[in-house]
Amino acid sequence: MPDSTTCSGGSSPNRRRHHKRRREGRRNSFLRCALFCAYIFSPAQNEMSISSLISSPITVSDAFMQPLPTHQCRLHRQKNNILQVATEPNIDTDTLQKSTLEKMTVKELKSYMTDNNILIPRGEASNLKLKKNIVDFIWSRLNNNDLSSTPITSSPKEAAPTTSSDNAATPKTNNRTKRPIGTRMPPLPESSPTSNNDNNNDSTYKLTPKHRIVLEVLDRYPPLHEAIVDACSIDSVLSEGITADNIEHCELNSLTYNVPPGIGENDMRHQYHPMLANATQTDMDVVFVGTASCSPGVTRGVSCTAIRLNWRNNREFDQVMNGGQRNKHDPQDQQRASTGGTWLFDAGESTQLSVQRTSSIKPGKISKIFITHCHGDHSFGLPGLLCLMGTDRDRDAPPVEIYGPEGLRMWLRVAIRYSVSRVVPPYRVHELMDVPMAPEWEEGHRRNGRFYYQLKSEGRKGMKWGTKGLAGEDSSSWISRAPMVNLEPNKDFGEIHGGQDIYPVYDHPKSTDGAPVWEVLNDGGVSVFAAPMSHGVPCLGYVVQEDDRPGRLMPENVLPVIERNRKELVESGVRNPMKLMALVKNLPVGGSYTFPDGTVLNQDDVVEPPGKGRKVVICGDTTDCRALEGLAQDCDVLIHEATNTFLPGVDKEGTLRLVTRDAKIHGHSTPFMAGDFAKRVRAKRLVLNHFSARYKGDQSIESLTIMTRMERQAMKACELPEN
């Protein structure tokens, strides 16, 4: 523009020259920054150094006329106006192999298509879900040279790349010509080989999380691995098995194979799972009869856990005192015979069927039943189970002791009387009274006895347990109405007198946040405690605490001395010298016994040190077990519910946060919540149960993969090993 004293804007020539210099300065600064970024991301073979690039003066035309060696630079802006640079090596499509694409994950393939502006035709997106389909789509586009005519698409806010000085001087318009990609391709992301062999990169690829967990499951369960290999027709799989190199081609989702048979003790998990592989039978065994929630299914029964108590001291008593035979006429022997047995915790619907499916539980040996709460998946199976026990039990056997929240006694009495079930064995019900609702549960505005979990109460400190939800608050509730039912116990229908009402202790030394603690029983060296859970109805969690076990007698140190002194002992009035073994075993700590020949046996020389009593914690349905925290410290086994969780790839909607929120609202937990509680109480083992009906319990690869992923979530939270 020629110089003039005035212009349409009314500004002076000096002012116009000032604005021109400012625009030139901005443009030069923009290009300096662009080329600086280009060299940061370019390979090391570029000869121009960053320092020389910054120090040398660059004009607008020179900047666009200087080509970058071996690379092209594309400049564009995003919504936040931040400059980004993409470099493209001169890779010909002829040198690209399909195996290179197959090494990429699905996420990397989609990113590759986005970065290279590979357009997906309308209606084809739904067909590009699997990795194989995405690879075939990209490969077909390359072979058909579709990319040579595919323009670079950009959003309206993106600036088109410029490659010449003429374009630099062209004013910005909305109808710019867009540069075609041609035959150039950006570099493929480097894959991480699964082995350390650098010469075998073509046969290895970056394992996806799904393939990694599948390989772990197949390695853990050899029978399942063999079943899938037998059903596969790929030569490499038949010869080598499923490995990281060939799992991509197995198509496990569409493969038909024979799922390994077996339930109960014949389930392959009983033999191969790390926690169960080396398990041996002891005098305290835990058997999981049912692990499902809501309703029983083909592959899972609902809640029922058994503890078998086969006390070792009773067997020693038999061997030492009676030569291995019990005296049925001795009251003390009868009391010892009733100690132990099998204790069941919860009896959901169809428990009687689940019990018959396992050889570990004998219905006639069940001596005690504990119910956590009134929901059907924990109590509906109790009447049927009693009928099954009555057909396999001696009539002179001790009565079955049943424990549960308030209202259980009358409910069971009505159910048995209504069904005229005279086959049930003698039983009596002990009710745990005044089980409160957790303070975070509030009654609904309709005042219909239903409580709702309040998310706003989470993390609030100082929330004390009170009397919310007790009998009498809601006049229409069962626990308020049950005492009004005029129905007396009748021994013709099994129920006998003697059932107790057990009230809580509010100042128990192991109480947490003022939560009540029930001292349920103390029977034969084992005690049972209970504490309230955070659930939609009054619910309990139980702690089975074994007393410290006395040390085992070492007979090899006692028998030779008795045999050597047998004659003198008989002459001194000891008719059965073998009874001295019990006498020596029961010596006080530091005590001793002197034999006729002068031999002195000290207690610590013939008796092993006492063993610490074991502890098993069985939580009912809960979203928070804090009331059990004091009682459950350093437990050997923690059995915690994990009803639901979020699994990417399995759950198409939602997030872990939303699933956790939904679980809390319904009074349940996730594996992460179970693992967190296990960590707080320093549990030695954590066992998950009460799974949603959508998690099958069979031995298919799909089910085992899901359950293994849930294990990993709990392990991450509790920091315990898998065994």
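Structure first, text after, so check above.
Nothing here was measured: the structure is a model prediction, and the numbers come from that model.

**Student:** Explain the overall build of the protein here, please?
**Tutor:** In terms of regular secondary structure, the protein is built from 25 helices and 19 strands. The 723 residues of the protein split such that 44% are buried. Considering only contacts in the protein between residues 6 or more positions apart, those separated by 24 or more positions represent 69%. Split by element, the accessible area of the protein, about 39,300 Å² in all, is 50% carbon and sulfur.

**Student:** Which parts of the structure should I look at to understand the sheet that holds strand β12 (residues 518–523)?
**Tutor:** One key point about sheets: their strands pair by backbone hydrogen bonds, in either a parallel or an antiparallel sense. Pairing in this open sheet of 6 strands is mixed, and the strands run β12-β13-β14-β17-β18-β19 from one edge to the other. Sheet topology places β12 and β19 (686–689) at the edges, where each strand pairs with a single neighbour. Geometrically, the sheet is characterised by an average inter-axis angle of 15° between neighbouring strands, direction not taken into account. Here strand β14 (residues 540–546) pairs with strand β17 (residues 615–618) via 4 bridges, running antiparallel. Across the sheet, residue V543 finds its bridge partner in β17, namely V617.

**Student:** Whenever I open this one, the packing of aromatic side chains confuses me. Can you help?
**Tutor:** Working definition: an aromatic ring pair is given by the centre-to-centre distance plus the angle between the planes. Under the definition given, this model contains 7 aromatic pairs. Between the aromatic rings of F345 and F370, the centroid separation amounts to 4.7 Å while the plane-to-plane angle is 10°, which identifies the pairing as stacked. In this pair, F345 sits in strand β5 (residues 341–345) while F370 sits in strand β6 (residues 366–370), placing the two residues 25 residues apart along the sequence. You can call F370 buried: its relative accessible area is 0%. Relative to F595, the ring of Y593 has its centre 5.0 Å away and its plane inclined at 80°; by these criteria the two rings are edge-to-face. Given the relative accessible area of 2%, F595 is considered buried. Through a chain of ring-to-ring contacts, the aromatic side chains of W343, F345, F370, Y403 and Y542 assemble into a single cluster.

**Student:** Help me out: how do you make sense of the sheet that holds strand β3 (residues 284–290) in this one?
**Tutor:** Taken in spatial order, the 7 strands of this open sheet run β3-β4-β5-β6-β7-β8-β11, and their pairing is mixed. Bordering the open sheet on either side are β3 and β11 (501–502), each of which pairs with just one other strand. Sheet topology note: the strand β8 (residues 427–432)/β11 ladder contains 2 bridges and is parallel. Across the sheet, L432 pairs through a bridge with I502, a residue of β11. Against the sheet, helix α16 (residues 382–390) touches β5, β6 and β7 (400–405), its axis set at about 175° to β6. In this fold helix α17 (residues 408–418) packs onto β7, β8 and β11, with an angle of close to 145° to the strand it touches most, β8.

**Student:** Would you mind going over empty space enclosed by the protein with me for this structure?
**Tutor:** Any empty space left between atoms is shown by rolling a water-sized probe over those atoms. Counted by the stated rule, this structure contains 4 cavities of 30 Å³ or more. Taken together, 15 residues form the lining of the largest cavity, with S303, D346, H378, C619 and N689 sitting closest to its centre. Across the lining of the largest cavity, the residue classes break down as 4 nonpolar, 8 polar and 3 charged.

**Student:** Would you take a moment to explain the packing of helix α5 (residues 106–115) against helix α6 (residues 131–143) for this structure?
**Tutor:** If you want to describe how two helices pack, look at the angle between their axes and the distance between the axes. Contact geometry for α5 and α6: axes closest at 10 Å, N-to-C directions at 30°. Between α5 and α6, the angle falls in the class roughly parallel. Our pair here, α5 against α6, has a crossing hand that is left-handed. Every residue of α6 that contacts α5 at V106, L109, K110, Y112 and M113 is listed here: K131, I134, V135, F137 and I138.

**Student:** It is not clear to me how the packing of helix α8 (residues 209–220) against helix α25 (residues 701–718) should be interpreted in this structure. Could you clarify?
**Tutor:** Across the interface, α8 lies against α25 with an axial gap of 10 Å and an inter-helix angle of 105°. In this view, α8 runs roughly perpendicular relative to α25, as classed from their interaxial angle. Every residue of α25 that contacts α8 at I213, V214, E216, V217, L218 and R220 is listed here: I701, L704, T705, T708, R709, E711 and R712. Its residues placed into classes, the contact of α8 with α25 shows 6 nonpolar, 2 polar and 5 charged.

**Student:** It is not clear to me how the nonpolar core should be interpreted in this structure. Could you clarify?
**Tutor:** In a soluble, globular protein the nonpolar side chains are often hidden away together inside. The biggest cluster of nonpolar side chains holds 38 residues, and the ones touching the most others in it are V617, L628 and L638. Listing elements by their share of this core, those giving two or more residues are β10 (451–453), β13 (526–532), α24 (671–680), β19 and α25. For this core, the leading source of residues is α25, giving 5 residues. Apart from the residues lying within four places of it in its own chain, the contact partners of L628 are A531, M533, G541, V543, V617, C619 and F677. The next biggest cluster of nonpolar side chains, apart from the first, holds 25 residues, and it includes V287, I361, L382 and L412.

**Student:** Looking at this model, I keep getting lost on α17. Mind explaining?
**Tutor:** Every buried residue belonging to α17 is among L408, R409, M410, L412, R413 and I416, and all of these are buried. Buried positions along α17 lie against α16, β7, β8, α18 (478–481) and β11. Immediately downstream of α17, the backbone of V420 shows phi near 50°, a positive value.

**Student:** What exactly am I supposed to notice about the environment of T299 here?
**Tutor:** Looking at where T299 falls in the secondary structure, it is placed in the loop between β3 and β4 (304–309). Among the residues examined, T299 registers a relative accessible area of 36% and is labelled partly exposed. With 396 residues separating them along the chain, T299 and Y695 place their C-alpha atoms 9.5 Å apart. Contact partners of T299, with chain neighbours within four places excluded, come to K696, G697 and D698. Polar contacts involving the side chain of T299 include one to the main-chain amide nitrogen of G697, which spans 2.9 Å.

**Student:** Honestly, the environment of R428 in this entry has me stumped. Any pointers?
**Tutor:** Position of R428 among the secondary structure elements: in strand β8. In the structure, R428 is positioned 71 residues away from G499 in sequence and 5.3 Å away in space, judged by C-alpha atoms. Excluding residues that lie within four positions of it along the chain, R428 makes contacts with P399, V400, E401, I402, I496, H497, G498 and G499.

**Student:** When you look at the pairing of β8 in this model, what are you seeing that I'm missing?
**Tutor:** For a regular strand, side chains alternate in direction, first toward one face of the sheet and then toward the other. Counting buried residues in β8 gives 5 out of 6 residues, a clear majority hidden from the surface. Where β7 lies against β8, 6 bridges are found, and the strand directions are parallel. Directly across from P405, in β8, lies its bridge partner L432. Regarding topology, α17 serves as the crossover connection from β7 to the parallel β8, and that connection is right-handed.

**Student:** When you look at unusual backbone geometry in this model, what are you seeing that I'm missing?
**Tutor:** The phi torsion of most residues other than glycine is negative, and most of the peptide bonds are trans. With phi around 65°, S350 is a residue other than glycine that occupies positive phi space. In this model, D434 sits at a positive phi of 55°, which is unusual for a non-glycine residue. Along the chain, D434 falls in the loop between β8 and β9 (441–443).

Conventions adopted
Residues numbered from 1 in each chain as written. Predicted model: local features only at pLDDT ≥ 70, side-chain atom pairs only at ≥ 80, totals over all residues. Heavy atoms only, no water. Helix = DSSP H or I, 4+ residues; strand = E, 2+ residues; numbered from the N terminus. Buried < 20%, exposed > 50% of the residue type's maximum accessible area, 1.4 Å probe, protein only. Contact = heavy atoms within 4.5 Å. Areas by Shrake-Rupley, 256 points an atom, 1.4 Å probe, with all protein chains shown as cover. Pairing = 2+ DSSP bridges. Axes fitted to C-alpha atoms, helices over the stretch in contact; angles between N-to-C directions. Phe/Tyr/Trp six-rings, centres within 6.5 Å; stacked < 30°, edge-to-face > 60°. 1 Å grid on protein atoms, 1.4 Å probe; cavity = no way out; pocket = protein on both sides within 12 Å on 5 of 7 lines; lining within 4 Å. Points joined across faces, edges and corners; volume = space filled by probe spheres on them. Nonpolar A, V, L, I, M, F, W, Y, C, P; charged D, E, K, R; others polar. Parallel < 35°, antiparallel > 145°, perpendicular 65-115°, else oblique. Left-handed = near helix turned anticlockwise from the far one by under 90°. Core = buried A, V, L, I, M, F, W, Y, C linked by side-chain atoms within 4.5 Å. Polar contact = N/O pair within 3.5 Å; in protein donor to acceptor, adjacent residues only side chain to side chain. Right-handed = clockwise from strand over helix to strand, strands pointing away.

Shape is all these values report; function is a separate question.
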